[in-house]
Amino acid sequence: MIFKKLALAGAMALLSSAAYADCAFENTVPVKSISAGFEAWKAVTDAMAECGNVEAELDQEFRKKQPAAFAANPSLYQIGGVANGTLVPLLNEGTIRPLDDLVAAHGQNLTPNQLIKIDGEVMAVAMMVNTQHLMYRDDILSDLGIAVPTTYDEVLAAAAKIKEAGVVEYPLGGTFKTGWNLGEEFVNMYFGFADSMFADDSMPTINNENGVAALEMLKKLTEYMDPEYLVSDSTYVQQQFQQGKIAIANLWASRAGAMNDESESQVVGKVKMASAPAAKAGGRPASTIWWDGVVIAKNITDEEAEAAFKVAMEGLDEEMVTANNDIAVWLIPGYVPGDLAKGAADTAINGAVSYPASSQMGLMHTALGNGVADFLTGAKDAQTTLADIEAEYITAAKEAGLIQ
Amino acid sequence: MSAAKTMRQPFGLQLSANAFLAIWCLIAAFPLFWIMVMSFKVPVDAFASNPLEVVFGPETRAAGKGLSILDIVVGIAALFYIARLAVNWLPGMVARFSPGGQIWAGWIIGALAFGIAVVVFLFGLLPPVLGAVNGVLGPLGQPIIGLTTEHYSAVWVENAFYRNFLNSMLVTTGVVVISLTVGTLAGYGLARSGSDLAFWLLIIALIFRALPHSVLVAGYLPVFINSAEFLRPILGDAAPTLYGQPYAVIAVLVSINQPFTIWMLRSFFQNIPTELDEAARVDGCTHFQAFRWVIMPVMWPGVITTGLFSFLLAYNDLLVTSLLLDAQNQTMVPAIAGYFNRETTTTDQVEAVAAAVSIIAPLFLLVMVFQRQIVSGLTAGAVKG
Amino acid sequence: MKFKTFAAFVGPSVFLMLLFIAAPLISVFVQGFYLTQPIYETVEVETCTPGFPTQTCVTETKTQPVIGEDGKIITETKYVGLESYRNLLEPDRALTALGNWDWGSLLTIDFWKALRFTLTFTLVTLPLVIGLGLAIAVVVNNTARLIRGPVIFVSLLPFIITPVIGALSIRWLFIGDGIMTAFLEWWLQRDIAMFAQGWTIELLMMFYRVWHVAPFAFVVFYAGLQTVNQDTLESAVIDGASRWERLRYVVIPHLMPLIIFIALIHLMDTYRAFEEIVGFSSQAYRISLQWLTYDLLVPDDSGNRAISRASASAMLTMIGIVILLVPLLRRTWRDHRGGSH
């Protein structure tokens, strides 16, 4: 019985993929891809698979595997899914190929905005952007007569009011989980105050009034959060929103759709999106913009590269976007930005910086992710925390050879 | 007689002993019981903070999925008879149909077949029949406890978890078989050689046992990915890329597990009197023949116990499999870890819970079947070293 | 047994261990003393990334590795001696902190923080595991035969299930408004957040470890109890020994080798605690030595990994475990001497 069911399901899957197989061409060259495993990648790789002979790997460990797999000769994968940060090791090691000729031949549907150019050469094709921006409970804010906050001071004022009114358990939510998430929160806040984290010789420059201001702002925010904020990742914050436990959070754009998912959310239609708040009045939004896109390996034959690129273009076509409009802020033509995309768009328009990925930034992000918690828990004061983070960064950077 | 009487416990002690056991069993089983309950509810219920809501699942019930009184009565009766069958009928059948002497093989096949039959019966046959009857019964047929198997079907059918299951089976079978083959040989050699070399081998193995695995595993990754390049000068074009290959992972898991395996098997061999192999040697057997034809036949309890530990290690491994296998060959445990790390929704999480329960269900069966083996195997002297 | 026969028997096993354990270990050991770095050059690079409504391009100086003719990064490896160990241990800071009896600032250094937790974790759970395992074994052994089977079955569950799943199942009971936290809040009439401070997480992690390992201790002890000499016990009864005295003077000495066995296994496994840190996401408050090594080894977004420091940390972990095991190893050595000569 169960086997019958399974067989049936398998047959259905085959049938449905046959029915959907509206790829413009039939791919005969075996193509493999490796990428992160979130919804948008699932949609894109499913669309790529329609062309046949495509094996997509949505791997949680892709950060560890991708650079090594692309460095192998021949490369174990033809297509890679990257973001600002994960592009860096591939660029550094020179394991991805420039795409200008392929874009010229097969990229007629791409917009110029999608082409990631390094020194004039197209190295990657972006498909979506993601950023942390303000999500708020419209009903609570309008009940209490609070205007949508545009700076973090206003966020704090709003939080105080909400707390006083006692409508939700905790006014604020935040992706403060130690490690990458917390590092990202600091980076966001810091770029709300300052322009750069490094001097020209790769030495760190975060131990200054901007760094202290960023840390202190983060700490003030945590006072209005669930005390378990150091283990709360985006899924947790999303659940807090869905269960009506928080009113305001700076959350990833890719999470916006979940607020209106009726099977999970108790606050359907009540959460609205806005630009990320500025760290100081008149400043730019304290958030960084990320993009996700595809790259093609260098250590493969030109024939494979062409097939891989064509397949990737099928994955990034209008049809895919129309079918999956709301799961991401797509850069692909055919995308209709809904209400949910407003936050991400406003954040970008208000001038948030693109996440400045580099080898140094990678090290700094790790040092921040592990170090900032000590200030939030009260184990160290702001100066010591920043000095320790800088010291940790310098040790790592010396080890990597970035600082002599 | 009088001694036996004094051995008997006073009532107070008995009572507190039983209370202690009851509390322990509750603590031991509750977390697992709870994730099982969660896996049958819709997300809102599964993560509710009121335990009663999790158990009765009002949202799940409101969605029209649940068990009526009839379902529960029939279900409990069915479970009772299944348990009876497993205890009374299965051992006999296994004994009857097992290939001569290899009763453990019979148990594995028997337990698998029995498990599949139970799943088919409980989830395939029963629901439609009861559904029809419930429709006729009216109020008695109304669901009173929310319960849905949608997450299981999502996991097993939509996400093709059966592929991970098959991969897990492949890896664990490989690990158990090779681990035991290599391990029994080494264990026997170590037990029968009193030399200092043997002793130092054991001590080094012990230190290897204590190594943090992440150090080793992270070292494998670049080598495995580039193995085709490394091996090309030796093997020519047939040089394989080890990354992603189940057999490479089997080799790694076997090696990591060797220290424990040889220690354990060595103690078993030590408990087998040396007179036995000496007699065989006098009859003209070589060491190997004595090992194969005289010692192995009396070693089965030890082999089964050690095999179980190898099985657990391979089946439960996360670190090695998640790094060294690609998606096509992924086993179950890293596959479930994937549910948590990706941009999860609450539904994903409940599906992950369902997947987790699916992973531990075979382990339940395993303990049920081999429980006696574990205890008697250990009693037979696994741990005297 | 002749050496040749012995070699034939242990050969395959030794080969596997050499290839997959010893070789990586030696390479890790050596890497701890060397530093491999790419050669960098500084270049002016214009990077264009998506923006609204059009692309944003920035020109900045970037440090990037030089790529050689074979298409790989040119690296240089230099001997740095104990530099990586120093970076990890930060001896100056540690000594200053120790000199001032400033425990808190010593524990702000990752390695010492990890060592502190790992040691506490190992040494606190050890007696708990042995005690609980022994208690269950004795009670089960004295209980009615009828319920022994089911009790053993239930007791084994925490041990056999996948560690990650076990840790998560306990985490779910306590995180946020998990039902156990809700229960405690109702019982103690106060707000509780189990994951908001270090010591509660540490308690949970210890609870998980004891829950997970005690069953193993239990079956081993239970198996041992089956072989207790009944005559000795009965003569003890006749001599008027109380229940407690029988346990203390007959049963426990009989189980002593097993207790040492369990202690050995437990020390080794707990000293490399890792799943707990991941399962309970305790990185902000508590880290273990293996987690520290792992964290140094995992590449960040930009592909950097601190291999030398990770090697140093792995080696220090190894040394620590060997020190912990020395008493037990000496006993094995004496047995070996006594047994074979």
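Calculation rules
- Residues numbered from 1 in each chain as written.
- Chains lettered and ligands numbered in written order.
- Predicted model: local features only at pLDDT ≥ 70, side-chain atom pairs only at ≥ 80, totals over all residues.
- Helix = DSSP H or I, 4+ residues; strand = E, 2+ residues; numbered from the N terminus.
- Buried ≥ 20, exposed ≤ 12 C-beta atoms within 10 Å, placed from the backbone.
- Contact = placed C-beta atoms within 7 Å.
- Expected span 1.5 Å × (residues − 1).
- Nonpolar A, V, L, I, M, F, W, Y, C, P; charged D, E, K, R; others polar.
- Axes fitted to C-alpha atoms, helices over the stretch in contact; angles between N-to-C directions.
- Parallel < 35°, antiparallel > 145°, perpendicular 65-115°, else oblique.
- Left-handed = near helix turned anticlockwise from the far one by under 90°.
- Pairing = 2+ DSSP bridges.
- Core = buried A, V, L, I, M, F, W, Y, C linked by C-beta atoms within 7 Å.
- Domains from an automatic or database assignment.
- pLDDT = per-residue confidence, 0-100.

A few words now on the overall build of chain B. Within chain B, the secondary structure is distributed over 19 helices and two strands. Each of the 385 residues in chain B was classed as buried or not, and the buried ones make up 43%. The contacts in chain B between residues at least 6 apart in sequence include a share of 75% that link residues at least 24 apart.

Summing up its helical and strand segments, chain C has 14 helices and four strands in all. Taken over the C-alpha atoms alone, chain C extends approximately 90 × 70 × 45 Å along its principal axes. Counting across all 341 residues of chain C, residues that qualify as buried make up 47%. In chain C, 67% of the contacts between residues at least 6 apart in sequence involve partners at least 24 apart.

Here the focus is helix α7 (residues 163–174) of chain C. Residue and element names in this part refer to chain C. Over its 12 residues, α7 runs 17 Å from end to end, which matches the ideal 16 Å to within 8%, given 1.5 Å per residue. Counting buried residues in α7 gives 12 out of 12 residues, a clear majority hidden from the surface. By the burial criterion, the buried members of α7 are Pro163, Val164, Ile165, Gly166, Ala167, Leu168, Ser169, Ile170, Arg171, Trp172, Leu173 and Phe174. Of the residues one or two after α7, glycine 176 is the one with positive phi, at around 55°.

Our focus in this paragraph is the interface of chain B and chain C. Opposite the 71 residues of chain B that make contact, chain C presents 74 residues. Examining the composition of the side of chain B that touches chain C, we find that 12 residues originate from one element, helix α2 (residues 11–39) of chain B, more than from any other. Grouping the amino acids of the side of chain B that touches chain C by side-chain chemistry returns 53 nonpolar, 15 polar and three charged.

Turning our attention to the packing of helix α13 (residues 246–270) of chain B against helix α16 (residues 300–316) of chain B. Residue and element names in this part refer to chain B. Two elements in contact, α13 and α16, have axes whose closest approach is 10 Å; the angle formed by their N-to-C orientations is 160°. Put simply, α13 runs roughly antiparallel to α16. Pair α13 / α16 crosses with right-handed handedness. Of the residues in α16, those touching α13 at Leu253, Asn257, Phe260, Thr261, Met264, Leu265 and Phe268 are Gly302, Thr306, Phe309, Ser310, Leu313 and Ala314. Looking at the contact of α13 with α16 residue by residue, the class counts come to eight nonpolar, five polar and no charged.

Residues and elements named next belong to chain B. Remark: helix α14 (residues 274–282) packs on helix α15 (residues 287–295), axes separated minimally by 9 Å, with the N-to-C direction vectors making an angle of 120°. Relative to α15, α14 is oriented oblique. Judged by the twist between their axes, the crossing of α14 over α15 is right-handed. Mapping the contact onto sequence places Leu276, Asp277, Ala280 and Arg281 in α14 and Ala290, Val294 and Ile295 in α15. Classifying every residue of the contact of α14 with α15 gives five nonpolar, no polar and two charged.

Moving on, we come to the pairing of strand β3 (residues 56–65) of chain C. Residues and elements named next belong to chain C. Bridge analysis of strand β2 (residues 40–49) against β3 gives 10 bridges, and the strand direction is antiparallel. Within β3, the residue paired with tyrosine 40 across the bridge is proline 65. As consecutive antiparallel partners, β2 and β3 are separated by six residues.

This brings us to the nonpolar core. Formed by 334 residues in total, the largest nonpolar core has its most connected members in Ile248 of chain A, Leu253, Leu324 and Ala356 of chain B together with Ala217, Val219 and Val220 of chain C. At 17 residues, the largest contribution of residues to this core is made by helix α19 (residues 346–382) of chain B. Leaving out residues up to four positions away in the same chain, alanine 356 of chain B has contacts with Ile35 and Ile336 of chain B together with Ile165 of chain C.

Let us now look at the interface of chain B and chain A. Between chain B and chain A, the residue contacts involve 29 residues of the former and 26 residues of the latter. The element that contributes the greatest number of residues to the side of chain B that touches chain A is helix α7 (residues 103–137) of chain B, accounting for four residues. Tallied by class, the residues present in the side of chain B that touches chain A amount to 15 nonpolar, 10 polar and four charged.

Now for α16 of chain B. Taking 1.5 Å of rise per residue, 17 residues should cover 24 Å, and α16 of chain B covers 24 Å from first to last C-alpha, within 8% of that figure. Here α16 of chain B has its buried residues at Gly302, Thr305, Thr306, Gly307, Phe309, Ser310, Leu313, Ala314, Tyr315 and Asn316 of chain B.

Once that is clear, we can look at the domain arrangement of chain B. Residues and elements named next belong to chain B. Under the domain assignment used here, chain B contains domain 1 (27–63), domain 2 (66–142) and domain 3 (161–382). Elements with a minimum of two residues in the side of domain 1 that touches domain 3: α2 and α3 (43–46). Take the side of domain 1 that touches domain 3: its biggest share by element is five residues, from α2. Tallied by class, residues from the side of domain 1 that touches domain 3 come to seven nonpolar, one polar and no charged.

This part takes up unusual backbone geometry. Phi at aspartate 119 of chain A takes a positive value of approximately 50°, unusual for a residue other than glycine. With respect to the secondary-structure elements, aspartate 119 of chain A resides in the loop between β4 (115–118) and β5 (121–137). Classification of aspartate 119 of chain A as partly exposed rests on a count of 14 C-beta atoms within 10 Å. Of note, glutamate 90 of chain C is a non-glycine position whose phi angle comes to about 45°, a positive value. In this fold, glutamate 90 of chain C is placed in the loop between α2 (83–89) and α3 (91–99). A tally of 19 C-beta atoms within 10 Å means that glutamate 90 of chain C is categorised as partly exposed.

Moving on, we get to the pairing of β2 of chain C. In this structure, β4 of chain A lies alongside β2 of chain C, joined through two bridges in antiparallel fashion. Residue pairing in the sheet places isoleucine 118 of chain A in a bridge with threonine 47 of chain C of β2 of chain C.

This next bit is on the confidence of the model for chain B. In the predicted model, chain B carries a mean pLDDT of 77, and 88% of its residues have values of at least 70. Predicted confidence in chain B is weakest over helix α1 (residues 2–7) of chain B, with a mean pLDDT of 49, and strongest over helix α9 (residues 161–192) of chain B, with 87.

Residue and element names in this part refer to chain C. In the predicted model, chain C carries a mean pLDDT of 82, and 98% of its residues have values of at least 70. Model confidence for chain C, summarised as mean pLDDT per element, is weakest for helix α4 (residues 103–106) at 75 and strongest for helix α5 (residues 110–142) at 89. Here the complex is predicted with pTM 0.84, and the ipTM for its interfaces comes to 0.83.

Once that is clear, we can look at the environment of valine 43 of chain C. Within the secondary structure, valine 43 of chain C is located in strand β2. Beyond its immediate stretch of four places on either side in the chain, valine 43 of chain C contacts Thr61, Lys62 and Gln64 of chain C.

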